[in-house]
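Observations on the three-dimensional arrangement
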Amino acid sequence: MDGKLRKNIKIGQEVSIVQKQHQRSGELTHGVVQRILTNSANHPHGIKVKLTSGAVGRVKRIGAI
């Protein structure tokens, strides 16, 4: 699924995000969505979320790894 559309992301869902400090390397962080931070319906770089671990970043992949 597309991490650029807010409607595809639900709280409690497993996702992979890229954090701000890892944008150049593309290193992904996996976790469960605690909060959706982007208010708009879509974003070209991915919807920004906060994971239960506290990590904040933009969704690159949705679903289990």
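One can find the structure itself at the top, above this paragraph.
Presented here is a report on the structure given in the accompanying data block. For clarity, every value in this text was computed on a predicted model and none was experimentally measured.

Thresholds, definitions, all that
Residues numbered from 1 in each chain as written. Predicted model: local features only at pLDDT ≥ 70, side-chain atom pairs only at ≥ 80, totals over all residues. Heavy atoms only, no water. Helix = DSSP H or I, 4+ residues; strand = E, 2+ residues; numbered from the N terminus. Rg over C-alpha atoms; globule rule 2.2 N^0.38 Å. Buried < 20%, exposed > 50% of the residue type's maximum accessible area, 1.4 Å probe, protein only. Contact = heavy atoms within 4.5 Å. Areas by Shrake-Rupley, 256 points an atom, 1.4 Å probe, with all protein chains shown as cover. Pairing = 2+ DSSP bridges. Axes fitted to C-alpha atoms, helices over the stretch in contact; angles between N-to-C directions. Core = buried A, V, L, I, M, F, W, Y, C linked by side-chain atoms within 4.5 Å.

Time to look at the overall build of the protein chain. When its secondary structure is counted, the protein chain shows zero helices and four strands. Secondary structure elements of the protein chain, listed N to C terminal, follow the sequence β-β-β-β. Computed over C-alpha atoms, the radius of gyration of the protein chain comes to 10 Å, within 12% of the 11 Å expected from 2.2 N^0.38 for 65 residues, which places it in the range of a compact globule. Dimensions of the protein chain, computed from C-alpha atoms along their principal axes, come out at roughly 25 × 20 × 20 Å. Each of the 65 residues in the protein chain was classed as buried or not, and the buried ones make up 35%. Across the protein chain, contacts joining residues at least 24 apart in sequence account for 46% of those joining residues at least 6 apart. Of the roughly 4,200 Å² that the protein chain leaves accessible, carbon and sulfur atoms contribute 48%.

Further remarks concern the sheet that holds strand β1 (residues 14-19). Pairing is antiparallel in the closed barrel, where four strands are placed in the order β1-β2-β3-β4. Between one strand axis and the next, the sheet turns by 70 degrees as a mean value, whatever way the strands run. Of the strand pairs in this sheet, β1 and strand β4 (residues 56-62) are connected by five bridges, and their pairing is antiparallel. Bridge assignment links S16 to a residue of β4, and that residue is R61.

I9, V15, I17, V33, I36, I47, V49, L51, A55, V59 and I62 form the largest nonpolar core, which has eleven residues in total. Contributions of two or more residues to this core are made by β1, β2 (28-36), β3 (48-51) and β4. Every residue in contact with I17, bar those within four places of it in the chain, is listed here: E27, L28, T29, V49, L51, A55, V56, G57, R58, V59 and K60.

Further remarks concern the pairing of β1. Taken across its six residues, β1 has five buried, putting it largely inside the fold. Pairing of β1 with β2 involves five bridges; the strand directions are antiparallel. Following the sheet pairing, S16 is matched in β2 by H30.

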